[in-house]
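Listed here are the chains, written in short residue letters.
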Amino acid sequence: MWVDNRFPLQFVTNGKQKISYRSSQKLDTNKPPIVLLHGIGSGSGSWAPIMSLLEKKYYTIAWDAPGYNESTHLTQSSPQSIDYSQVLSDFTKLLNLQPYAVIGHSLGALMAVCYAVNHFPNLPKLILANPANGYGGAKEEIRETKLTARLSMLRELGIQKMAIERSSALLSPTASSEALALVEWNMKKVTKMGYEQAAHTLANGDIIGIAGKHNGEVHIISSSGDNITPTTTAKKIAKSFEGCSLEILPGLGHASYVEDADIFSKSVLKFLENN
């Protein structure tokens, strides 16, 4: 896969916690840093097309969340979003950077909000792409049903088969073969422990429940062909943030930033450069 040549995997360690990540180039203090957070079935490499488009103006860093690719999994068997946000905070400090923006996709959006609320209240820009709100605000039986369904799918299929059979669900029917290959390649790098822990976090998370604690600028990107986190979810989340902007990209599926990096990056740049 071209991603490893273009954006080779790098590592940083904090005690027993190792984080693998990719960056657009060596740290340039003249370029505002943007941290990119993937979703439950993905990894750092999924951001490669976006990094290619943003690197002229921004220093981009895409991490592999704990338990993903070569990042050490969390010690908690049933972690919360705040556990990931703590590692993210440690990660940025180890790299000696303060993000100008954080972009979180799907479950990564929940991690991004939790990071902004608990660790970086003065974060200038927060972008939530096809955000997964989480089921923390739902009844216990609904949370259990959602969690059981994900864990059962993982046990029945395994990572490799899940990647082959589920990758297309993240894209629209008209997505390119290149986009599908990138989604599948990243999903195959997911680890069993990482996915299980993230599933627990998704079951207990609730962006809407903590949105009121964040006062910074927020932009949400959704897509009309997203059947996993539909536009109705994005609209509800947008309403929970004061002054939040929302753009719905036509026709794209859940992994909108992979399916059409050009149109996605235009939405990002418009928000970042609107001062």
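Structure's up top.
About the criteria used
Residues numbered from 1 in each chain as written. Predicted model: local features only at pLDDT ≥ 70, side-chain atom pairs only at ≥ 80, totals over all residues. Heavy atoms only, no water. Helix = DSSP H or I, 4+ residues; strand = E, 2+ residues; numbered from the N terminus. Rg over C-alpha atoms; globule rule 2.2 N^0.38 Å. Buried < 20%, exposed > 50% of the residue type's maximum accessible area, 1.4 Å probe, protein only. Contact = heavy atoms within 4.5 Å. Areas by Shrake-Rupley, 256 points an atom, 1.4 Å probe, with all protein chains shown as cover. Expected span 1.5 Å × (residues − 1). Disulfide = S-S within 2.5 Å. Lys, Arg positive; Asp, Glu negative; His and termini not counted. Salt bridge = Lys/Arg side-chain N within 4 Å of Asp/Glu carboxyl O. Core = buried A, V, L, I, M, F, W, Y, C linked by side-chain atoms within 4.5 Å.

Asker: Describe the overall build of the protein, and please don't skip the residues or the numbers.
Answerer: When helices and strands are counted, the protein shows 11 helices and 8 strands. Its C-alpha radius of gyration of 17 Å places the protein within 12% of the 19 Å reference for a compact globule of 275 residues. Overall, the protein is about 50 × 45 × 40 Å in size when its C-alpha atoms are taken along their principal axes. A total of 275 residues make up the protein; the buried ones form 55% of that total. Pairs at least 24 residues apart make up 77% of the contacts formed inside the protein by residues separated by at least 6 positions. Roughly 11,900 Å² of accessible area belongs to the protein as shown, and the carbon and sulfur atoms make up 50% of that amount.

Asker: Account for helix 4 (residues 107-118), with residues named and values stated.
Answerer: Over its 12 residues, helix 4 runs 17 Å from end to end, which matches the ideal 16 Å to within 8%, given 1.5 Å per residue. Most of helix 4 is tucked away: 11 of the 12 residues are buried. Restricting attention to buried positions, one finds in helix 4 the residues Leu107, Gly108, Ala109, Leu110, Met111, Ala112, Val113, Cys114, Tyr115, Ala116 and Val117.

Asker: A description of the state of the cysteines should follow, citing residues and the corresponding values.
Answerer: Going through the model one piece at a time under the given rule, you end up with 0 disulfides. Here cysteine 244 is not cross-linked by a disulfide; its sulfur's nearest cysteine counterpart is in cysteine 114, at 17 Å.

Asker: Which residues make up the side chain of glutamate 259, and what values go with them?
Answerer: For glutamate 259, the location among the structural elements is in helix 10 (residues 256-259). With no salt bridge to any partner, buried glutamate 259 finds its closest opposite charge in arginine 166, at an N-O distance of 14 Å. Other than its neighbours up to four places away in sequence, glutamate 259 contacts Leu171, Ser172, Thr174, Ala175, Ala179, Gly251, Leu252 and Gly253.

Asker: Tell me what's going on with the nonpolar core, and back it up with residues and numbers.
Answerer: The biggest cluster of nonpolar side chains holds 90 residues, and the ones touching the most others in it are Trp47, Trp63, Phe91, Leu126, Leu128, Phe241 and Phe264. Ranked by residue count, the leading element in this core is helix 4, at 10 residues. Beyond its immediate chain neighbours, meaning those up to four positions away, phenylalanine 91 contacts Val12, Ile19, Tyr21, Ile61 and Trp63.

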